[in-house]
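Understanding the architecture of this molecule
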Number of protein chains: 2
Amino acid sequence: MKLTTEMMKSFIEKPFDFVERMGLRVIELEPRSVKLSVPLQGNENHIGTMYAGALFTIAEIPGGALFLTTFDVSRFYPVIKEMTLRFIKPAKTDVTIGMVMSVPEAERIVLEAEKNGKAEYVLEGEIKDKNGEVVAVSRGIYQVRIINPIAQ
Amino acid sequence: MKLTTEMMKSFIEKPFDFVERMGLRVIELEPRSVKLSVPLQGNENHIGTMYAGALFTIAEIPGGALFLTTFDVSRFYPVIKEMTLRFIKPAKTDVTIGMVMSVPEAERIVLEAEKNGKAEYVLEGEIKDKNGEVVAVSRGIYQVRIINPIAQ
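Just so it is clear, the structure is predicted and the values come from calculations on it, not from any experiment.

**Examining the overall build of chain A**
- Within chain A, the secondary structure is distributed over four helices and six strands.
- Sequence-ordered secondary structure for chain A, helices as α and strands as β, is α-α-β-β-α-β-β-α-β-β.
- Since a compact globule built from 152 residues should have a radius of gyration of about 15 Å, the 16 Å found for chain A is in line with a globular shape.
- Taken along the three principal axes of its C-alpha coordinates, chain A extends 55 × 30 × 25 Å.
- Counting the 152 residues in chain A, one finds 34% classified as buried.
- Sequence-distant contacts, at least 24 apart, represent 71% of the contacts inside chain A between residues at least 6 apart.

**Some thoughts on the sheet that holds strand E3 (residues 76-87) of chain A**
- If you walk across this open sheet you meet the twelve strands as E1(A)-E2(A)-E4(A)-E5(A)-E6(A)-E3(A)-E3(B)-E6(B)-E5(B)-E4(B)-E2(B)-E1(B), and the pairing is antiparallel. Looking at strand neighbours, the two that pair on one side only are strand E1 (25-30) of chain A together with strand E1 (25-30) of chain B, the edges of this open sheet. Neighbour-to-neighbour, the strand axes of the sheet open up by a mean angle of 20°, direction not taken into account.
- Pairing of E3(A) with strand E6 (residues 134-146) of chain A involves eleven bridges; the strand directions are antiparallel. Counted as the bridge partner of A:Tyr77 is A:Arg145 from E6(A).
- The strands touched by helix H4 (residues 103-116) of chain B within the sheet are strand E3 (76-87), strand E5 (118-128) and strand E6 (134-146) of chain B, with E5(B) carrying the most contacts at an inclination of about 150°.

**A look at the interface of chain B and chain A**
- Counting residues at the interface gives 25 residues for chain B, matched by 25 residues for chain A.
- The element best represented in the side of chain B that touches chain A is E3(B), accounting for eight residues.
- For the side of chain B that touches chain A, a count of residues per class yields eleven nonpolar, seven polar and seven charged.
- Relative to E3(B), E3(A) is paired through five bridges, and the arrangement is antiparallel. Directly across from A:Glu82, in E3(B), lies its bridge partner B:Arg86.

**Examining H4(B)**
- The end-to-end C-alpha separation of H4(B) is 20 Å, in line with the 20 Å expected for 14 residues at 1.5 Å each.
- At the C-terminal side of H4(B), B:Gly117 shows a positive phi close to 85°.

**Digging into unusual backbone geometry**
Residue and element names in this part refer to chain A.
- Unlike most non-glycine residues, Arg-32 shows phi in positive territory, near 60°.
- Structurally, Arg-32 can be placed in the loop between E1 and strand E2 (33-38).
- The class of Arg-32 is partly exposed, set by 15 C-beta atoms lying within 10 Å.

**As for the relation of the copies chain B and chain A**
- Between chain B and chain A, the superposition needs a rotation of 180° and an axial shift of 0.0 Å, giving an RMSD of 0.0 Å. This pairing of chains is accounted for by a two-fold axis. Of every C-alpha in chain B, the one belonging to B:Thr84 sits nearest the axis of rotation, 2.1 Å from it.
- Interface overlap between copies is the fraction of interface residues in one copy that are interface residues in the other; for chain B against chain A it reaches 100%, indicating a shared surface.

**A closer look at the packing of helix H3 (residues 52-70) of chain A against helix H3 (residues 52-70) of chain B**
- One can describe the packing of H3(A) onto H3(B) by two numbers: an axis separation of 9 Å at closest approach and a directional angle of 150°. For the pair H3(A) and H3(B), the sense of crossing is right-handed. In this structure, H3(A) contributes A:Ala52, A:Gly53, A:Phe56, A:Thr57 and A:Glu60 to the contact, and H3(B) contributes B:Ala52, B:Gly53, B:Phe56, B:Thr57 and B:Glu60.
- For the contact of H3(A) with H3(B), a count of residues per class yields four nonpolar, four polar and two charged.

The rules behind these values
- Residues numbered from 1 in each chain as written.
- Chains lettered and ligands numbered in written order.
- Predicted model: local features only at pLDDT ≥ 70, side-chain atom pairs only at ≥ 80, totals over all residues.
- Helix = DSSP H or I, 4+ residues; strand = E, 2+ residues; numbered from the N terminus.
- Rg over C-alpha atoms; globule rule 2.2 N^0.38 Å.
- Buried ≥ 20, exposed ≤ 12 C-beta atoms within 10 Å, placed from the backbone.
- Contact = placed C-beta atoms within 7 Å.
- Pairing = 2+ DSSP bridges.
- Axes fitted to C-alpha atoms, helices over the stretch in contact; angles between N-to-C directions.
- Nonpolar A, V, L, I, M, F, W, Y, C, P; charged D, E, K, R; others polar.
- Expected span 1.5 Å × (residues − 1).
- Least-squares fit on C-alpha atoms with pLDDT ≥ 70 in both.
- Left-handed = near helix turned anticlockwise from the far one by under 90°.

Purely geometric stuff here, so don't read any function into it on its own.
Here it is, written out as structure tokens:
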């Protein structure tokens with residue numbers, strides 16, 4: 001199955017209500033490379049900076065976005081195992097995150113998932129404000145799993 | 001300053017839009033002990049289980065809720081430094097989280113914040129589904145900071 005860029009963009013910006021109501025937007029969407037943004041407006045905490053839960057979400061979604069642009073969605077599906085977010089400074093503007101995956105890493109994941117039915121991978125990201133300052137750093141542990149693996 | 005239970009309940013359930021639109025609810029609210037719930041409805045991901053960002057939020061809010069019920073909000077304020085969420089199994093129902101802080105731990109935090117202007121504390125929690133099954137575990141690192149500390 002081949003997804004069009006428009007299909008992937010819609011899956012990432014409006015996958016379900018929780019993300020859609022945050023106003024998350026795709027800025028770049030390429031195989032093994034995505035960049036997303038989230039507006040401050042509507043996602044403020046009680047002191048007017050971006051709420052930690054919105055920062056979590058912009059750090060978590062690239063895992064699924066990279067999966068869509070990089071892997072065959074008719075053969076594999078992604079699972080999130082663990083996410084750590086370290087808060088560096090308050091986010092006082094809209095924020096962005098960019099994440100990339102190398103060709104060898106993508107190849108390793110496919111080979112391992114084909115062999116074992118699943119493959120783990122780690123994605124680390126920096127959430128930046130409009131001035132390019134890092135407001136939070138993330139480390140997500142994901143798995144790609146094969147759909148209907150052949151019985152061993 | 002003394003907050004009433006109703007004031008605290010409102011601060012926790014409707015601190016700002018992001019949390020209010022999730023439908024988070026206070027179940028128990030005592031000094032050093034809180035229990036919260038989040039409905040599945042409105043917080044589903046693309047496969048109908050609870051989205052990771054909603055699980056993050058129900059794990060993060062108790063830090064602020066325990067702060068409100070335990071510490072003097074006219075003297076101190078809380079900051080979140082880091083949060084790790086480990087996903088155990090899909091959440092297919094509404095979920096709850098309970099968190100407690102011991103008396104000695106609360107006393108340590110106040111004494112340390114009075115002495116150093118700030119004190120770090122760790123909160124660990126289990127997010128459970130309606131059947132009591134643990135769907136995710138959290139570990140948050142927070143700081144209590146003193147408002148207008150006396151110059152050293």
